[in-house]
Amino acid sequence: MAGKTKTRKPRRFRRSGTLMMLALLLMGSAVVRLALEAGPAIAREVASLQDSDKAAVAHNGEPNRESLPSSAELQTMLAAFKEREAALAAREAEIQDRAKALDIADQAIEKKLAALEEAESRLRATLSMADGATEADVTRLTTVYEQMKPKEAAALFEEMDPGFAAGFLARMQPESAAGIMAGLSPEAAYTISVVLAGRNGAVPKE
């Protein structure tokens, strides 16, 4: 029994050593595989962290040169701004010129209106004086015809326009008008009577 036991112990040691080696090989293979698979991921993560650091630095105040416009672009933008400013200045000047022209036109119109109003006032005064003078003249002539002898006045009325003669007769006293009508020819008396009747017919009645 003792001899059998001594021969079995070395086999167990050999088996356990072989298992240990296999385990170590498997672990090593796993570590190598893990390293191969994790390497790219770690590299990507490191690159992402570096990009984040760059972005953070740019955000903290350092300019991002890739986002800045070039010198040519800046010159183009500046030229466009100057052109726009010049156009606005020209437009403003044009508006001011138009406003000045309108002011001048308004002043001229106001002067013309004032002149027309003054002329109208003078014309009304002149017409009023003329109407007064005409009325005075007609009244004076009517008085003269009334004071004339009926035969002499009839000779004058015979030569007058019928409408003009009817106007004087309508202003006279009835006795004076009747005396003049009696001295007229039948044709003249008839014509003047028609004119007088027409004037009286046009007068409104109550």
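Residues numbered from 1 in each chain as written. Predicted model: local features only at pLDDT ≥ 70, side-chain atom pairs only at ≥ 80, totals over all residues. Heavy atoms only, no water.

This part takes up the side chain of Thr-142. Assignment of secondary structure puts Thr-142 in helix 2 (residues 71-147). Not counting residues up to four positions away in its chain, the partners in contact with Thr-142 are Phe-168, Arg-171 and Met-172. (Helix = DSSP H or I, 4+ residues; strand = E, 2+ residues; numbered from the N terminus. Contact = heavy atoms within 4.5 Å.)

Listed as buried for helix 3 (residues 150-159) are Ala-153, Ala-154 and Phe-157. Down the axis of helix 3, the buried set is contained in an arc of 105°. They therefore lie on one face. Turned more than 90 degrees away from the buried face of helix 3, the exposed residues are Lys-151 and Glu-159. (Buried < 20%, exposed > 50% of the residue type's maximum accessible area, 1.4 Å probe, protein only. Arc of directions from axis to C-beta.)

Moving on, we get to a nonpolar patch on the surface. Taken together, the side chains of Met-20, Met-21, Leu-24 and Met-27 present a nonpolar region at the surface, about 440 Å² in accessible area. Secondary-structure assignment places Met-27 in helix 1 (residues 2-59). Of the residues examined, Met-27 reaches a relative accessible area of 54% and is grouped as exposed. (Patch = residues over 30% accessible without salt bridge, like charges linked within 9 Å, V, L, I, M, F, W, Y side chains within 5 Å. Areas by Shrake-Rupley, 256 points an atom, 1.4 Å probe, with all protein chains shown as cover. Salt bridge = Lys/Arg side-chain N within 4 Å of Asp/Glu carboxyl O.)

As enumerated under the stated definition, the model contains three salt bridges in all. Where Glu-94 meets Arg-91, a salt bridge forms, and the shortest distance between an N and an O atom there is 3.6 Å. Note that Glu-94 and Arg-91 are positioned in helix 2 at a spacing of three residues, about one turn of the helix. The class of Glu-94 is partly exposed, set by a relative accessible area of 32%. Asp-137 is the partner of Arg-140 in a salt bridge, and the nearest nitrogen-oxygen pair spans 3.0 Å. In this pair, Arg-140 and Asp-137 both sit in helix 2, three residues apart, roughly one turn of the helix. Residue Arg-140 is classed as exposed on the basis of its relative accessible area of 52%. The network of salt bridges with common partners includes Arg-91, Glu-94 and Arg-98.

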